[in-house]
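# Structural overview
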Amino acid sequence: MKIENFDTGLKGQEDVENIIITPEENYKNKQKVKNYLTDIVHSGKSKLDDNLNKYFSKDIKVNCFHPVNEFSGLDKFKDDYWLPLFESFPDLERRTQLIIGGAFRDKMQVASISMLSGIFKKSWLGIKPNNKMVNLRCCEIHELKNDKIVESHILIDVIDLIFQTGVFPINKSRGAEGNWLNPINTDGVNYFEKDLNISKSNLDQALIMQRSLNIKPELDSNSDQDLKSKLIDHPQTNFWHDKMIWYGPSGIGTARSLEGFVDNHQLPFRKTFKERNYWKLGHYSELGDGKFSLTAGWHSIQATYGSNHWLGYPANNKNVTMRVMDFYHHDEGKIRENWVPIDIAHILNQIGVDIFELIKKL
């Protein structure tokens, strides 16, 4: 099965040529963006203006997690995102776990998974502080042009933070909650891959696996056991490592092995969203970088909320879209690990569940 046989979901963009960057340029871009973001956090509030002007374009476009959401301009970026962070977590530190770079069509991009750690001193987004150290799981994709970041996509797992404060406003996760692991047996930050064919091959593997997900046995399955069997024997099986780990966002949790992934996320997800379109909205990022790859959409899935199996809330048949990133680690010819930030608060808001109103009552 070849990647060319699949619909890329990017109709209307066929005339956009891919830019080519060398592995050396890509490595420099990754280190550059990592240093930018680390410098901003570690320099703190006192140097925020200088650092933002140094590293970001004035008309930057920002796509954030709910309830911060989308906006443009450096002043708003400072006021709506950075200042509240520093005021609530004044001793903030950043630890990068994984960084991926490359070019997608006419864009140079750098993506990362990192942990923002600090003592939670002041209310943030209506979440009450606990005056203890907390860890903000932060996943980002930045577009770089002329050594400045011109567009950013940022997903911070706010539900995970709420759980860390001891408040549980939503239904219990099926999977395991807690911090995501670093890539196994691999340096996810300082690696360098010179062979472009390896990077392309691993990205192709991720894309083909994703297209296989459009095969929908849930449409004609009569029972959970029947659907589970069909998902275990699904074409996706050819792509997952026997010891795969699927790292999900808070509210879903992490699962180990294909069976665990099916039980904890995929089966209830497919039962709830039988009517869904993966490709209509398309990806804004598809990167291959050595043993890693990345795809992301804003929004990447359009679906109908049709049952309470996923997350446990009553069906209302509302159409929802999803902000999703998929970071993949390819090892021994298969997908070994998959880190999947999803803006769960944004999805819940679309089906009428406002977690920020719920925590006020708790």
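These numbers come from a predicted model, not from an experiment. (Residues numbered from 1 in each chain as written. Predicted model: local features only at pLDDT ≥ 70, side-chain atom pairs only at ≥ 80, totals over all residues. Heavy atoms only, no water.)

## A closer look at the packing of helix 1 (residues 23-43) against helix 2 (residues 48-55)
- Between helix 1 and helix 2, the least distance of the axes is 9 Å, while the angle of their chain directions is 170 degrees. In terms of their interaxial angle, helix 1 and helix 2 are classed as roughly antiparallel. Judged by residue contacts, Tyr36, Asp39, Ile40 and Ser43 of helix 1 engage Leu48, Asn51, Leu52 and Tyr55 from helix 2.
- Considering only residue class, the contact of helix 1 with helix 2 consists of 5 nonpolar, 2 polar and 1 charged. (Axes fitted to C-alpha atoms, helices over the stretch in contact; angles between N-to-C directions. Helix = DSSP H or I, 4+ residues; strand = E, 2+ residues; numbered from the N terminus. Parallel < 35°, antiparallel > 145°, perpendicular 65-115°, else oblique. Contact = heavy atoms within 4.5 Å. Nonpolar A, V, L, I, M, F, W, Y, C, P; charged D, E, K, R; others polar.)

## A word on the packing of aromatic side chains
- In this structure the tally under the stated criterion is 22 aromatic pairs.
- Relative to Trp124, the ring of Phe65 has its centre 6.0 Å away and its plane inclined at 55 degrees; by these criteria the two rings are tilted. Highlighted residues: Phe65 in the loop between strand 1 (56-64) and strand 2 (70-72) and Trp124 in the loop between strand 4 (107-119) and strand 5 (133-145), separated in sequence by 59 residues. The pair Phe65 / Trp124 is uniform in exposure class, with both members buried.
- Here Phe89 and Phe120 contribute two aromatic rings whose centre-to-centre distance is 4.8 Å and whose plane-to-plane angle is 25 degrees, an arrangement assigned as stacked. With Phe89 in the loop between helix 3 (74-88) and strand 3 (93-104) and Phe120 in the loop between strand 4 and strand 5, this pair connects stretches of sequence that are 31 residues apart. You'll find Phe89 and Phe120 in the same group, each marked buried.
- Ring pairing ties together the aromatic residues Phe56, Phe65, Phe71, Phe77, Tyr81, Trp82, Phe86, Phe89, Phe120 and Trp124, which thus form one cluster. (Phe/Tyr/Trp six-rings, centres within 6.5 Å; stacked < 30°, edge-to-face > 60°. Buried < 20%, exposed > 50% of the residue type's maximum accessible area, 1.4 Å probe, protein only.)

## Comments concerning the sheet that holds strand 1
- Strand order across the open sheet formed by 6 strands is 2-1-6-5-4-3, with mixed pairing between neighbours. Taken across any chain shown, the strands that pair with only one partner, and hence form the sheet edges, are strand 2 and strand 3. Across the sheet, the mean angle from the axis of one strand to that of its neighbour is 20 degrees, orientation sign disregarded.
- As paired elements, strand 1 and strand 6 (residues 148-156) share 5 bridges and run parallel to each other. (Pairing = 2+ DSSP bridges.)

## Observations regarding unusual backbone geometry
- In this model, His66 is joined to Pro67 through a cis peptide bond whose omega is 15 degrees.
- Checked against the element boundaries, Pro67 lands in the loop between strand 1 and strand 2.
- In this structure, Asn69 takes a positive phi of about 65 degrees despite not being glycine.
- If you trace the backbone, Asn69 turns up in the loop between strand 1 and strand 2.
- The phi torsion at Asn317 lies on the positive side, around 55 degrees, for a residue other than glycine.
- The residue Asn317 is located in the loop between strand 11 (292-304) and strand 12 (319-331) in this model.
- Judged by relative accessible area, Asn317 falls into the exposed class, the value being 57%.

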